[in-house]
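Analysis of the macromolecular model
What follows is the residue order along each chain.
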Amino acid sequence: MNLFADIKTLVLSALDAMVAEGVLPAGLNFANVAVEPPRDAAHGDMATNAAMVLAKPAKMKPRDIADALAAKLTDDPRIVTAEVAGPGFLNLRLDPALWLKLLPEILKLGADFGRSTIGQSRKVNVEFVSTNPTGPLHVGHARGAVFGDALASLLDFAGYIVTREYYINDGGAQVDVLARSVFERYREAMGLEPEIVEGLYPGDYLIELGKAVKERYGDSLIDQPESVWLADLREFSTDAMMDLIREDLAAIGVKMDVFFSEKSLYGTGLIEAAIGDLDSKGLIYQGTLPPPKGKLGEDWEPREQTLFRSTSHGDDVDRPIKKSDGGWTYFAPDIAYHYDKIQRGFDELIDVFGADHGGYVKRMKAAVSALSDGKVPLDIKLCQLVRLFKDGQPFKMSKRAGNFVLLRDVVDLVGRDVTRFVMLTRKNDAPLDFDLAKATEQSKDNPVFYVQYAHARVHSVLSKAGKPSDESLTGADLSLLTNPAEVSLIRKLAEWPRLLELAATHHEPHRIAFYLFDLASEFHALQHMGKLDPSLRFLRDDAPNCTTARLAMIRSVAVVISAGLGILGVTPRNEMR
RNA sequence: GCACCCGUAGCUCAGCUGGAUAGAGCGCUGCCCUCCGAAGGCAGAGGUCUCGCGUUCGAAUCGCGACGGGUGCACCA
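To start, this report covers the structure provided alongside it.

Definitions and cut-offs
Residues numbered from 1 in each chain as written. Chains lettered and ligands numbered in written order. Predicted model: local features only at pLDDT ≥ 70, side-chain atom pairs only at ≥ 80, totals over all residues. Heavy atoms only, no water. Helix = DSSP H or I, 4+ residues; strand = E, 2+ residues; numbered from the N terminus. Expected span 1.5 Å × (residues − 1). Buried < 20%, exposed > 50% of the residue type's maximum accessible area, 1.4 Å probe, protein only. Contact = heavy atoms within 4.5 Å. Pairing = 2+ DSSP bridges. Axes fitted to C-alpha atoms, helices over the stretch in contact; angles between N-to-C directions. Near = heavy atom within 4 Å. Polar contact = N/O pair within 3.5 Å; in protein donor to acceptor, adjacent residues only side chain to side chain. Core = buried A, V, L, I, M, F, W, Y, C linked by side-chain atoms within 4.5 Å.

With 17 residues, helix α7 (residues 173-189) should cover 24 Å at 1.5 Å per step; its first-to-last C-alpha distance of 25 Å lies within 8% of that length. Of all 17 residues in α7, 12 are buried; the element is thus mostly enclosed. Of all the residues in α7, the buried ones are Val175, Asp176, Val177, Leu178, Ala179, Ser181, Val182, Phe183, Glu184, Arg185, Tyr186 and Arg187. Next to the buried residues of α7 lie α8 (205-217) and α9 (226-251). Two residues or fewer past α7, glycine 191 is found with a positive phi of approximately 90°.

Structure follows, in structure tokens:
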């Protein structure tokens, strides 16, 4: 139930009627007609821009259209008044009962209130995290993980069929480096001095792995050349690292549907098939790239390579897909991987990358555009850096893993829910300052707490009232909810389905976090009013019917907070103590 | 040099497919607890939405150009 959508439908049908009656010319495009909550509550319940949008194409004055539309709309019992205002806005005041009917709806649907069908069961693949399996996840990865997971939940809620996917970069040179690093730790476990030379992974987390290698292979590898052990250790190590990564993901509440191995692409003909597909479209050729401008290419020399004509799909330069030794570049398996996703029948693809991969966006979009003939949209969301602070001071905790703070460290320090919520209180493409002290602080300065606190307060009031069931609350006489602050709160609840659809279409889960903060704010204000004016208290011994109505209202607040937090992957709390 | 992201209150940031008087938190000033959780609430001060030009009935939002900050720029992923 989306009131805004309902009223928009009403407006559109009124416009159709006006066309049929000759008031408006035929052939108008109503796509830009919107029905929105007004910025100022004094303007009414909803506003539509229809008259202004249509004035020019209809060659009429906005006011004339607005007047005619207003007359039409007030014929509907749901519209109490329709007033023309400002440059041509039509401010609508709705039958108050319409808002009130929302509450039993929320109580009945529970966490499903706001669920949408705009996704039309389209299959969408959300690829995120996708790190090299060479170590534990750090905070930067955590942001991508939380963002991707929340986005996936959001899309699911909006009616998409979602697959959460992790692309394991286990086919490149870094996993060889990992194997060599582990070999040194193996030597260490054997009582020898490890040589962690420049370029190897220095992290302590490999020490255990070295011991595990000793357990498994004894001293059989110790004097052997790399050619003997590299492949084995590579597999052994990447498997172990993926176990580690899976544990990290679990710690932050992320569960992938698919782990897709880059290595598995080799030898199956998939890369050849993907490149062949591009070749058949005339997008593969032998050529020489121009030198990059400005950045003086010290060691640059002209080189003929196999290139993908990505410029024909929006890229700036064509991209090499083969190295001069004949092997594939890293780009080729990536193309094949996305080719595979398309083959698997996804209608939409989303990749979540770190901001440092920004330069990679155009070529990847070009590849997907070419492979799918422009039919499968690829959206690439870049997550900016996370800067950690503690009490305002930059926070560095790098005992275990070189220069990075681990995801584990943060989760251990502030908890999964707090980590997730904080990561989502910023737009993905804005840098995030994460103060670990503030995140656990119990004050309004901390949005996590503030939202959870509202939920806990509702729970507290309901407990005092003897925990009435949602069924018993649906029968409340809601016409008793007449205070402007109450009406405003209910209106806020009515925005939830609309907000959700906007967040889903924009791929922006952070909007949910901000909405929940606003909702909590309205709730806190209302609860406080009860302190100033006892007649506004939720629980009134002298007016049981009013109490029931207010309980229905605040229970609805809790339901929506709970649903919103659920999408963000945060567990609502019933008490803060 | 090129590409992408960003530029909104003293600070950190929201701002919907372009809409009405640009919002929140922190900080600052002043209020509000015998009373459902004051871990809260209310009010005030604080703005040339970096700048310029353009599109439009209307621009923080769209386009172009500056300026400032971040990221990335051939056979590494």
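Our focus in this paragraph is the sheet that holds strand β7 (residues 258-261). Sheet architecture is open: 5 strands sit in the order β7-β6-β5-β11-β12, paired in parallel fashion. Strand pairing shows two members of the sheet lacking a second neighbour, β7 and β12 (378-383), which therefore form its edges. Recorded for the sheet is a direction-independent mean angle of 25° between the axes of neighbouring strands. Pairing between strand β6 (residues 161-168) and β7: 4 bridges, direction parallel. Each bridged residue has a counterpart across the sheet, and for glutamate 165 the counterpart in β7 is valine 258. Packing against the sheet, helix α6 (residues 139-157) makes contact with β5 (123-127), β6, β11 (348-354) and β12, and its axis sits at approximately 160° to β6.

What follows is about the protein's contact with RNA strand B. For RNA strand B, the set of nearby residues contains 73 residues, the closest of which are Phe89, Lys323, Ser324, Gln442 and Arg457. For RNA strand B, the fraction of atoms within 4 Å of the protein that belong to sugar or phosphate moieties is 59%. One of the side-chain nitrogen or oxygen atoms of asparagine 169 is found 3.2 Å away from a sugar or linking oxygen of RNA strand B. The backbone of alanine 355 places a nitrogen or oxygen atom 3.2 Å from a sugar or linking oxygen of RNA strand B. At the level of secondary structure, the elements contributing two or more residues to the surface near RNA strand B comprise α2 (50-58), β4 (89-94), α16 (447-464), α18 (484-506) and α19 (510-532). If you tally residues by element for the surface near RNA strand B, the top one is α19, at 11 residues.

Okay, unusual backbone geometry next. Despite not being glycine, valine 129 shows a phi value in the positive range, around 70°. Relative to the elements of secondary structure, valine 129 occurs in the loop between β5 and α6. A residue is classified by how much of its surface remains accessible, and valine 129, at 13% relative accessible area, is buried. Non-glycine residue aspartate 373 carries a positive phi angle of around 55°.

What follows deals with the nonpolar core. Leu15, Phe434 and Trp496 are the most contacted members of the largest nonpolar core, which totals 129 residues. The leading source of residues in this core is helix α20 (residues 544-568), at 14 residues. Excluding anything up to four places from it in sequence, tryptophan 496 contacts Phe113, Gly114, Phe157, Ile512, Tyr515, Val560, Ala563, Gly564 and Ile567. Membership of the second largest hydrophobic core comes to 33 residues, among which are Phe260, Leu283, Ile335 and Ile342.

Limitation: the analysis is restricted to geometry and does not speak to function.
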